[in-house]
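So you can see what is in the structure, the chains are spelled out below.
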Amino acid sequence: AVLGVASSNKRLAIGREGDDRNVKLWNIATEQEMATLDLLPGGCRALRFSPDGRTLAASCMLDPEPSIWLWEVPSFEEIDAAEAKETSKIKQP
């Protein structure tokens, strides 16, 4: 089940609970998944991007107390550079 959704600067974050306890980041313009962020048990309850869109906060329900996790969100340029590097590795003999 989806429990948290947030958007910022052409990015969409979707948090899930159950067996698939993670947060997926999507590029809204291309409809492509950008990253998957693993969560601790309890699943995601709420998501929020920082005002500059570079940090994502997720609240999780862990026994006995809830917690908040923060991730630095990769920029589109960082993702493009990583994909280009990976592609060049594949093409090399």
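Asks: What is the right way to read the overall build of the protein from this model?
Replies: For the protein, the count of helices and strands is one helix and seven strands. Counting every position in the protein, which comprises 93 residues, the buried fraction comes to 29%. Restricting the contact set of the protein to residue pairs at least 6 apart, pairs at least 24 apart contribute 29%. Of the roughly 6,200 Å² that the protein leaves accessible, carbon and sulfur atoms contribute 53%.

Asks: Could you clarify how one ought to interpret the environment of Asp52 in this entry?
Replies: In this fold, Asp52 is placed in the loop between strand E5 (44–49) and strand E6 (55–61). On the basis of relative accessible area, Asp52 is assigned to the exposed category, the value being 54%. Spatially, the C-alpha atoms of Asp52 and Ser8 are 8.4 Å apart, while their sequence positions differ by 44 residues. Of the polar contacts made by the side chain of Asp52, one reaches the side chain of Ser50; its length is 2.6 Å. At a separation of 2.9 Å, a polar atom in the side chain of Asp52 contacts the main-chain amide nitrogen of Arg54.

Asks: Before we go on, may I ask you to explain the environment of Arg11 in this structure?
Replies: Take Arg11: it is sitting in strand E2 (residues 11–16). Relative accessible area serves as the criterion here: at 2%, Arg11 is assigned to the buried category. Arg11 sits 42 residues away from Gly53 along the chain, and the two C-alpha atoms are 8.5 Å apart. With near-sequence residues (within four places) excluded, Arg11 lies in contact with Ala6, Trp26, Ile28, Met34, Phe49, Gly53, Val73, Pro74, Ser75 and Phe76. Polar contacts involving the side chain of Arg11 include one to the main-chain carbonyl oxygen of Gly53, which spans 3.3 Å.

Asks: Could you clarify how one ought to interpret the pairing of E2 in this entry?
Replies: Successive residues of a regular strand alternate their side chains across the two faces of the sheet. Only one face of E2 is buried, namely the one carrying Arg11, Ala13 and Gly15, since none of Leu12, Ile14 and Arg16 on the opposite face is buried. The pairing of strand E1 (residues 2–8) with E2 spans six bridges and is classified as antiparallel. Looking across to E2, one finds that Gly4 is bridged to Gly15. Linking E1 to E2, which pair antiparallel, is a turn of two residues; within it Asn9 sits at a positive phi near 50 degrees.

Here is what the cut-offs are and how they apply
- Residues numbered from 1 in each chain as written.
- Predicted model: local features only at pLDDT ≥ 70, side-chain atom pairs only at ≥ 80, totals over all residues.
- Heavy atoms only, no water.
- Helix = DSSP H or I, 4+ residues; strand = E, 2+ residues; numbered from the N terminus.
- Buried < 20%, exposed > 50% of the residue type's maximum accessible area, 1.4 Å probe, protein only.
- Contact = heavy atoms within 4.5 Å.
- Areas by Shrake-Rupley, 256 points an atom, 1.4 Å probe, with all protein chains shown as cover.
- Polar contact = N/O pair within 3.5 Å; in protein donor to acceptor, adjacent residues only side chain to side chain.
- Pairing = 2+ DSSP bridges.

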